[in-house]
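Here is what each chain is made of, one letter per residue.
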Amino acid sequence: MLRVLQRSSRMVAPAARNFSSEAGNNKLVITEVDDKTGYATVTLNRPPVNSLSLELLRAISQTLDDLQNNKSRGMILTSSSNTVFSAGLDIMEMYKPNQERLRDFWSTLQDVWFKLYGSPFPTAAAINGHAPAGGCLLSLCCEYRVMCPNYSIGLNETQLGIVAPTWFQASLRNTISRRESELALTLGKMYTTDEALKVGMIDEIAENKEKALEQAAAFLNRFRKISPMARAMTKQALRSKDIVELEDNRSQDIDLFVYAVNQPAVQKGLEVYLESLKKKAQK
């Protein structure tokens, strides 16, 4: 815990500096800052479904660095898609992969998790579309989740023959009960918006994206009179066990992921899944 608190004291900033930035020339992530509140709306922008490729993960990681360096007062994460928040990890990063890129891919995802799950500034997810697997993970890293109706969310890795890493699991356990987490993870369950609200995976439902952004901003407003340092250090102390566990086992986690992805059964499962996507696209 001390390690996390020491990092917290370096990361926390007492004031906000307004800025607007785009991560990369291809605008995979668009950041817009409200001049009045200092809140940054971070929009995932990799059509059609914001699949988390290495390049998108790098853009998210850079954006989180920018927010920290510019002393953000808060962040709202959302999507430019009308129907998908993020479809999760890009399957093509794992199917017949280049081994060096595969390791870089997983290491960068770890970086994103560290920075988002342990961020010193308050975070909210305005989930305006489906959020399976990695999309769900991004939202779970945030402190608050509001979701639009008639979508689905969950860590569905077991349905693809993949085991959700321990830090994925920890993110879910930090949000819903341990018993519900066990059922959700072993079944690879996808929850409807209403079901997610019932089990506590999301905090509120909004009728549309505009309302979701308003509700997310209202959550961030709750911290305006709270000491940023006290708030950040309290949050990071609560999450320190999960953070330190991955920090201490980061290399092993990468090795395990690479080993698992290269197993013939996993590659076959990914191939079957990709074929199913092609058939859907042809209909």
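This write-up is about the structure you can find in this document. Please read all numbers here as calculations on a predicted model, not as lab measurements. (Residues numbered from 1 in each chain as written. Predicted model: local features only at pLDDT ≥ 70, side-chain atom pairs only at ≥ 80, totals over all residues. Heavy atoms only, no water.)

Here we take up the packing of helix α3 (residues 99–117) against helix α9 (residues 228–248). As a packed pair, α3 and α9 sit with axes 10 Å apart at the nearest point and diverge in direction by 165°. It follows that α3 is roughly antiparallel to α9 by the angle criterion. Note on packing geometry: the crossing formed by α3 with α9 is left-handed. On the side of α3, the interface is formed by Gln 110, Trp 113, Phe 114, Leu 116 and Tyr 117, while α9 contributes Lys 235, Arg 239, Asp 242, Ile 243, Leu 246 and Glu 247. Its residues placed into classes, the contact of α3 with α9 shows six nonpolar, one polar and four charged. (Axes fitted to C-alpha atoms, helices over the stretch in contact; angles between N-to-C directions. Helix = DSSP H or I, 4+ residues; strand = E, 2+ residues; numbered from the N terminus. Parallel < 35°, antiparallel > 145°, perpendicular 65-115°, else oblique. Left-handed = near helix turned anticlockwise from the far one by under 90°. Contact = heavy atoms within 4.5 Å. Nonpolar A, V, L, I, M, F, W, Y, C, P; charged D, E, K, R; others polar.)

As a further point, take the pairing of strand β7 (residues 144–147). Neither face of β7 is open: one carries Tyr 144 and Val 146, the other Arg 145 and Met 147, and all of them are buried. Alignment of strand β5 (residues 123–127) against β7, held across four bridges, turns out to be parallel. Residue pairing in the sheet places Ala 124 in a bridge with Tyr 144 of β7. As paired strands, β7 and strand β10 (residues 204–205) are joined by two bridges and run parallel to one another. (Buried < 20%, exposed > 50% of the residue type's maximum accessible area, 1.4 Å probe, protein only. Pairing = 2+ DSSP bridges.)

Tallying each qualifying case throughout the model produces twelve salt bridges. Glu 55 is the partner of Arg 101 in a salt bridge, and the nearest nitrogen-oxygen pair spans 2.9 Å. Of this pair, Arg 101 sits in helix α3 while Glu 55 sits in helix α2 (residues 54–69); the two residues are 46 residues apart in sequence, bridging distant segments of the chain. Residue Arg 101 is classed as partly exposed on the basis of its relative accessible area, which comes to 30%. (Salt bridge = Lys/Arg side-chain N within 4 Å of Asp/Glu carboxyl O.)

Attention shifts here to the environment of Leu 220. Tracing the backbone through its elements, the reader meets Leu 220 in helix α8 (residues 209–221). When its relative accessible area of 1% is taken as the criterion, Leu 220 is described as buried. Note: C-alpha distance between Leu 220 and Arg 179 (41 residues apart in sequence) is 29 Å. What Leu 220 contacts, discounting residues up to four positions off in sequence, is Tyr 39, Gly 74, Met 75, Ile 76, Pro 122, Thr 123 and Ala 124.

Of note, Arg 239 is situated in helix α9. The side chain of Arg 239 is buried and forms no salt bridge, while Glu 143, the nearest opposite charge, is found at 5.5 Å. When residues no more than four places from it in sequence are discounted, the contact partners of Arg 239 are Tyr 117, Cys 141, Cys 142, Glu 143 and Asn 174. (Lys, Arg positive; Asp, Glu negative; His and termini not counted.)

Strand order across the open sheet formed by three strands is β6-β8-β9, with mixed pairing between neighbours. The open sheet has two free edges, formed respectively by β6 (131–132) and β9 (191–192), since each of these has just one partner strand. Sheet analysis places strand β8 (residues 152–154) next to β9, joined by two bridges and oriented antiparallel. Bridging from a neighbouring strand, Ser 152 pairs with Thr 192 of β9.

This brings us to the environment of Val 29. Note on placement: Val 29 falls in strand β2 (residues 29–33). Of the residues examined, Val 29 reaches a relative accessible area of 0% and is grouped as buried.

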